[in-house]
Amino acid sequence: MLRLAVFVSGRGSNLKAILEHPELKNLIEIVAVFSDKSDCGAFQIARSYGIETRVLGKGEGRISNENLLETLKNYKLNLIVLAGYLKLVPVEVVREFENLIINIHPALLPSFGGKGMYGINVHTAVFNSSAKVSGATVHFVDAEYDKGKIIAQKCVDISDAKSPEEIAERVLRVEHQLLPEVIKAFAENRIFVENNRAIIKS
Ligand code: GAR
């Protein structure tokens, strides 16, 4: 079993997609869900599955940036998944878990990424660019927002989209397929970095 931690900030639909994916049931165990928001929807989902929730930040009962690395090491994790987590992961964590942290981004990186590019902001930028395709990207996490090597992408046609919200809806549907697929490939040891590229072998 792959031991996973999932980092979230919002409603948690990607977390739910991981938990409900039939092919992941025997491959992974989510041992804890971390969030910078103590009242996020994702925490409710985690708790309904009996998964431990941990709040990040300063203050009583929270895990500070300084304590995060030690905390994560104690869980003996094989993979960390950022599923709608909107903060930067501290550099010492990124260094320790090199190529063991993945993030899902709701656009086709390297376009429409970087600081401030999250949630509906991304889809508004895509809509206003008049792009005809968008999609989801899963990539390794490094110390910069949305800059790590791309592992997998899925496109959606948005040539007839009427609003950023409509793009968000179409992209979210493929996010819910792509993220579990990449986690499955990870659990099956099929992800490699070769020739300066991250690849999934079949
Ligand atoms: C998802 O669309 C995810 O791709 C995005 O936040 C949403 C979280 O939804 N992440 C980013 O924008 C990161 N830059 P969810 O909480 O329902 O999974």
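Presented here is an overview of the structure given in this document. As the structure is a prediction and not an experimental result, all values here were calculated from the model.

1. Some remarks on the nonpolar core
Residues I30, V81, I102 and I183 are the most contacted members of the largest nonpolar core, which totals 46 residues. The greatest single-element share of this core, amounting to 10 residues, is contributed by helix α6 (residues 164-187). Non-local contacts of I30, meaning those with residues more than four positions away in its chain, are made with L4, V6, L15, I18, L19 and I51. In this structure, V31, A32, L68 and Y75 belong to the second largest nonpolar core, which totals 21 residues.

2. Here's the deal with the packing of helix α5 (residues 120-129) against α6
Relative orientation of the contacting elements α5 and α6 amounts to 115 degrees, with a least axis distance of 8 Å. Between α5 and α6, the crossing angle belongs to the class labelled roughly perpendicular. Along this stretch, α5 crosses α6, giving a crossing that reads as right-handed. Mapping the contact onto sequence places I120, H123, T124, V126 and F127 in α5 and P164, E165, I167, A168 and V171 in α6. Looking at the contact of α5 with α6, its residues break down into 7 nonpolar, 2 polar and 1 charged.

3. Thoughts on the environment of S129
Mapped onto the secondary structure, S129 falls in helix α5. Using a relative accessible area of 37% as the deciding quantity, one classes S129 as partly exposed. Sequence separation between S129 and F112 is 17 residues; the distance between their C-alpha atoms is 9.9 Å. Looking at S129, its side chain comes within polar contact range of the main-chain oxygen of V126, at 2.6 Å.

4. Some points on unusual backbone geometry
Here the bond from L109 into P110 is cis, since omega is 10 degrees, no more than 30 degrees from zero. Along the chain, the position of P110 falls in the loop between β5 (101-105) and α5. For K76, which is not a glycine, the phi torsion comes out positive at approximately 50 degrees. Here K76 shows up in the loop between α3 (65-74) and β4 (79-82).

5. Description of the environment of E60
Mapped onto the elements, E60 comes out in the loop between β3 (52-55) and α3. Residues E60 and R11, spaced 49 residues apart in sequence, show a C-alpha to C-alpha distance of 24 Å.

6. Some points on the site of the ligand
Taken together, 14 residues lie around the ligand, and R11, G12, S13, N14 and E175 are the ones closest in. A distance of 2.6 Å separates an oxygen atom of the ligand from a polar atom in the side chain of S13. Between the ligand and N14, the relevant distance is 2.9 Å, taken from an oxygen atom to a main-chain nitrogen or oxygen of the residue. In the complex, 92% of the free accessible area of the ligand, which totals 450 Å², lies under the protein chains. Going through the elements one at a time, α1 (13-20), β5 and α6 are the ones with two or more residues in the shell around the ligand. Within the shell around the ligand, the residues separate by chemical class into 5 nonpolar, 7 polar and 2 charged.

7. So, the packing of α1 against α6
For the pair α1 and α6, interaxial distance at closest approach is 9 Å and the crossing angle is 50 degrees. Taken together, the axes of α1 and α6 are oblique relative to one another. The handedness of the crossing between α1 and α6 is right-handed. The residues of α6 that touch α1, namely those facing S13, N14, A17 and I18, are L172, E175, H176, L179, P180 and I183.

What counts, and at which threshold
Each chain carries its own residue numbering, running from 1 in the written order of its sequence. Since the coordinates come from a predicted model, pLDDT governs what is reported: local features require at least 70, and pairs of side-chain atoms require 80 or more to be given and counted, while whole-chain, interface and lining totals use all residues. Hydrogen atoms and water are omitted, and side-chain values are computed over all heavy atoms in the structure. Within this scheme, the nonpolar core is defined by two criteria: the residues are buried Ala, Val, Leu, Ile, Met, Phe, Trp, Tyr or Cys, and they are joined through side-chain atoms within 4.5 Å. Burial classes: relative accessible area under 20% of the type maximum marks a residue as buried, over 50% as exposed, and values in between as partly exposed (1.4 Å probe, protein chains only). A run of DSSP states H or I qualifies as a helix once it reaches four residues; a run of E qualifies as a strand once it reaches two. Both are numbered from the N-terminal end. Contacts are assigned to residue pairs with any non-hydrogen atoms lying within 4.5 Å of each other. Every axis corresponds to a line fitted to the C-alpha atoms, with the helix fit spanning only the stretch in contact, and the corresponding angles, defined between N-to-C directions, vary from 0 to 180 degrees. Oblique is the label for any angle not covered by the other classes, which are roughly parallel (under 35 degrees), roughly antiparallel (over 145) and roughly perpendicular (65 to 115). A crossing counts as left-handed when the near helix is turned anticlockwise from the far one by less than a right angle, and as right-handed when that turn is clockwise. Three categories are distinguished: nonpolar for Ala, Val, Leu, Ile, Met, Phe, Trp, Tyr, Cys and Pro, charged for Asp, Glu, Lys and Arg, and polar for the others, with Gly belonging to the last. In the analysis that follows, any N or O atom pair within 3.5 Å is treated as a polar contact, provided that within protein one partner can donate a hydrogen and the other can accept it, and provided that, for residues neighboring in sequence, both atoms belong to side chains. Nearness here has a simple test: a residue counts as near a molecule or strand if at least one of its heavy atoms is within 4 Å of that partner. Methods summary: accessible areas were calculated by the Shrake-Rupley approach with a probe of 1.4 Å, and residue burial reflects only the protein chains presented.

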